[in-house]
Amino acid sequence: MVKNKIAMLDVSELLRPEPAFASKPIGRYRDYDIDHEDPIKERVRITYTEMHTNQTVDYVKKKMAEWLSFDKFEATIMEALESLNDLVDESDPDVNIPNIVHAFQTAERIRAIHPHHDWFHLVGLIHDLGKVMAFKGEPQWSVVGDTFPVGCAWANSIVYKDTTFKKNPDTYDPRYNTTLGIYSKNCGLDNILMSWGHDEYLYRVLVHNNTTIPKEGLNMIRFHSFYPWHSGGDYDFLCSENDLEMKKWVLEFNKFDLYTKGGDIPDIKELMPYYQTLIDKYIPGLIKW
């Protein structure tokens, strides 16, 4: 039943270049111009430089082996969410506030536009929870920021692509630096190694803990930071037909994730009881992380 309702959403809304609720002109979001005098822009540039230097095939495999044992800690979804009070995303040029505020901004705007899809509200709230890795020893460049495939050539739409991959050994490895690299055409995103970060980690945590969030919501979580694909026009050659169909829903989520940044600050305490009911419905109890 949920799937049928999802299919009835107005897909033409996805094509709107600037949602009515955007808190500033669309051209002022995701501004990655280099400005060494701007502390936020410099913080972002440094984070991506570290990311693009260190995210290799071997590194991703190492992190998957380390984190996907789900033996690091146990916490409820709400406890993990509250920890984001102490996290400011060092890769994000649009915000300089705790991540928990962004979580509620995203969720509440989704709730206003899609009031009948409560799982979608929850996805908006929890989509960044994989960032808890930053409290367990991971540097932010291994947690936050746009994601991209490793094991094939870096796409042109990756931010800072021309300057930040020069010290990455995979850049010069003939196994990994061709268009397809270790993959085959249309092999499907399930078969791609993505740079390690909070998207893939939270997706895997939710699946491991038997969430009942529908697959559309899980895909939103898994690929919401894959900007070179869903917004940059790259990597469709790796996608299956199902991936290309799924992209519509990732883009639908992206509107709320991106364009609510810098908007009104919600009353988090007042909203907690509603979102706790959704947690209890879709991913209750202690979660293994």
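Computed from a predicted model, the values in this text were never measured in an experiment.

Quick notes on the UniProt feature "binding site: substrate" (unreviewed entry) in the protein
According to UniProt, the positions carrying the feature "binding site: substrate" (unreviewed entry) are Arg-30, Asp-89, Glu-90, Ser-91, Lys-131, Gly-145, Asp-146, His-224 and Ser-225. Assignment of secondary structure puts Ser-91 in the loop between α4 (77–83) and α5 (99–113). Owing to a relative accessible area of 4%, Ser-91 belongs among the buried residues under this scheme. Once residues lying within four places of it in the same chain are set aside, the contact partners of Ser-91 are Tyr-32, Val-44, Thr-47, Tyr-48, Val-144 and Gly-145.

Section: the pattern of salt bridges
Per the stated rule, a full pass over the model turns up 17 salt bridges. Here Asp-173 makes a salt bridge to Arg-175, at a shortest N to O gap of 2.7 Å. Residue classification places Asp-173 among the buried positions, given a relative accessible area of 15%. Among the ionic pairs, Arg-222 bridges to Glu-200, the shortest N-O distance being 2.9 Å. With a gap of 22 residues between them, Arg-222 in helix α9 (residues 215–223) and Glu-200 in helix α8 (residues 198–208) connect regions that are remote in the sequence. The exposure classification of Arg-222 matches that of Glu-200, with both residues buried. Within this structure, Asp-190, Glu-200, Arg-204 and Arg-222 form a network of salt bridges that share partners.

Overview of the side chain of Lys-255
Considering the arrangement of structural elements, one finds Lys-255 in helix α11 (residues 241–259). Assessed through its relative accessible area of 6%, Lys-255 is described here as buried. Only 3.0 Å separates the side chain of Lys-255 from the side chain of Glu-252, close enough to count as a polar contact.

Here's the deal with the UniProt feature "binding site: Fe cation" (unreviewed entry) in the protein
According to UniProt, the "binding site: Fe cation" (unreviewed entry) feature falls on His-102, His-127, Asp-128, His-198, His-224 and Asp-257. Mapped onto the fold, Asp-128 is located in the loop between α6 (118–126) and α7 (161–164). Mapped onto the elements of the fold, Asp-257 is located in helix α11. Setting aside residues no more than four positions away along its own chain, Asp-257 makes contact with His-102, Thr-106, His-127 and His-224. At a separation of 3.1 Å, a polar atom in the side chain of Asp-257 contacts the side chain of His-127.

Remarks on the packing of aromatic side chains
On inspection of all chains with the given rule, the structure shows 18 aromatic pairs. Plain terms: the ring middles of Phe-120 and Phe-256 are 6.0 Å apart, the flat faces sit at 90 degrees to each other, and that makes the pair edge-to-face. Note that Phe-120 is positioned in helix α6 and Phe-256 in helix α11, a separation of 136 residues in sequence. Take Phe-120: its relative accessible area is 1%, and that puts it in the buried class. Taking relative accessible area as the criterion, Phe-256 reaches 0% and is therefore assigned buried. On the numbers, 5.6 Å between centres and 45 degrees between planes, the contact of Phe-226 with Tyr-235 is tilted.

The rules we used
Residues numbered from 1 in each chain as written. Predicted model: local features only at pLDDT ≥ 70, side-chain atom pairs only at ≥ 80, totals over all residues. Heavy atoms only, no water. UniProt positions renumbered as here; feature names shortened; annotations may be inferred. Helix = DSSP H or I, 4+ residues; strand = E, 2+ residues; numbered from the N terminus. Buried < 20%, exposed > 50% of the residue type's maximum accessible area, 1.4 Å probe, protein only. Contact = heavy atoms within 4.5 Å. Salt bridge = Lys/Arg side-chain N within 4 Å of Asp/Glu carboxyl O. Polar contact = N/O pair within 3.5 Å; in protein donor to acceptor, adjacent residues only side chain to side chain. Phe/Tyr/Trp six-rings, centres within 6.5 Å; stacked < 30°, edge-to-face > 60°.

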